[in-house]
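One letter stands for each residue in the lines below.
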Amino acid sequence: MKDTHHVNLNTVVDDAIKTDIGDISGLPDAAREKIYEAYQAFYDAYLKIADLKRSSAETDIRKIDAAGFDPDIIEYMQHFFSDYQNIYREFKSTGRYARALLQADQNKYPESYKQQLDALISGQSTVTGSSVMDDILNEK
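Residues numbered from 1 in each chain as written. Predicted model: local features only at pLDDT ≥ 70, side-chain atom pairs only at ≥ 80, totals over all residues. Heavy atoms only, no water.

J.: What should I look at first to understand the overall build of the protein chain in this one?
T.: Per the secondary structure count, the protein chain includes 6 helices and 0 strands. Starting at the N terminus and walking to the C terminus, you meet the elements of the protein chain as α-α-α-α-α-α. Sorting the 140 residues of the protein chain into buried and exposed places 37% on the buried side. Here the protein chain has roughly 8,500 Å² of accessible surface; of this, 48% comes from carbon and sulfur atoms. (Helix = DSSP H or I, 4+ residues; strand = E, 2+ residues; numbered from the N terminus. Buried < 20%, exposed > 50% of the residue type's maximum accessible area, 1.4 Å probe, protein only. Areas by Shrake-Rupley, 256 points an atom, 1.4 Å probe, with all protein chains shown as cover.)

Dropping the structure here:
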């Protein structure tokens, strides 16, 4: 099987981060790296599964965006292989943590900002901030 989706993967990942999280350029290097790694792993896995499920003509990387995921592929990732489950969980939690971090006021609440930054980088299961809890409680 020819692996052709990597040509534009970086562009897709950059666009997905901008769409899903926002502008992360002001975040510390470690946070940006963590976000990029999680999103790249997710999109790489997603596209590999899509390649297995469809012909390469239907798996056009340029047509994939955060709102246009194939629910069958996401279901497959969540339920059948532990590696894909971990990649999916990391993708979802990293996005939540990153959005919370972008909303945090580093100057006004430096300790809270540091806790959220540490949670993002380490992948902890809890982050302070009501918006993160709202996302978790409202997630289906």
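Back to the text.
J.: Whenever I open this one, the pattern of salt bridges confuses me. Can you help?
T.: A pair can form between side chains of opposite charge whenever their charged atoms are brought close. Tallying each qualifying case throughout the model produces 5 salt bridges. With its nearest N and O atoms 3.3 Å apart, the salt bridge here joins Asp 20 to Arg 99. On the criterion of sequence distance, the pair formed by Asp 20 in helix H1 (residues 9-20) and Arg 99 in helix H4 (residues 82-103) is long-range, its members being 79 residues apart. Take Arg 99: its relative accessible area is 23%, and that puts it in the partly exposed class. Lys 34 is paired through a salt bridge with Glu 90; the nearest N and O atoms lie 2.5 Å apart. Here the residue Lys 34 occupies a position in helix H2 (residues 29-53), and Glu 90 occupies one in helix H4, the gap between them amounting to 56 residues. (Salt bridge = Lys/Arg side-chain N within 4 Å of Asp/Glu carboxyl O.)

J.: Sorry, what's going on with H1 here?
T.: Spacing of three or four residues puts side chains on the same side of an α-helix, whose turn is 3.6 residues. For H1, with 12 residues, the first-to-last C-alpha span of 16 Å sits near the 16 Å given by 1.5 Å per residue. Listed as buried for H1 are Leu 9, Val 12, Val 13, Ala 16 and Ile 17. One face of H1 carries all of its buried residues, which in axial projection span an arc of 130°. Among the exposed residues of H1, those pointing more than 90 degrees away from its buried face are Lys 18 and Thr 19. Looking at the residues trailing H1, positive phi occurs at Gly 22, about 120°. (Expected span 1.5 Å × (residues − 1). Arc of directions from axis to C-beta.)

J.: What's the story with the packing of H2 against helix H5 (residues 110-122) in this structure? I'm lost.
T.: Packed helix pairs are specified by the crossing angle of their axes together with the interaxial distance, meaning the distance between the axes. Axis separation between H2 and H5 bottoms out at 9 Å; the angle between their running directions is 40°. The orientation of H2 with respect to H5, classified from their angle, is oblique. As for the relative orientation of H2 and H5, their crossing is left-handed in sense. On H5, the residues that touch Ala 30, Ala 31, Lys 34 and Ile 35 of H2 are Leu 117, Leu 120 and Ile 121. Split by residue class, the contact of H2 with H5 holds 6 nonpolar, no polar and 1 charged. (Axes fitted to C-alpha atoms, helices over the stretch in contact; angles between N-to-C directions. Parallel < 35°, antiparallel > 145°, perpendicular 65-115°, else oblique. Left-handed = near helix turned anticlockwise from the far one by under 90°. Contact = heavy atoms within 4.5 Å. Nonpolar A, V, L, I, M, F, W, Y, C, P; charged D, E, K, R; others polar.)

J.: What is the right way to look at the nonpolar core in this model?
T.: One broad rule of soluble globular proteins: the nonpolar side chains tend to lie buried together. Counting residues in each nonpolar core, the largest one holds 28 residues, and the members touching the most others are Ile 35, Tyr 39 and Tyr 43. Only H1, H2, H4 and H5 provide two or more residues apiece to this core. The element that contributes the greatest number of residues to this core is H2, accounting for 9 residues. (Core = buried A, V, L, I, M, F, W, Y, C linked by side-chain atoms within 4.5 Å.)

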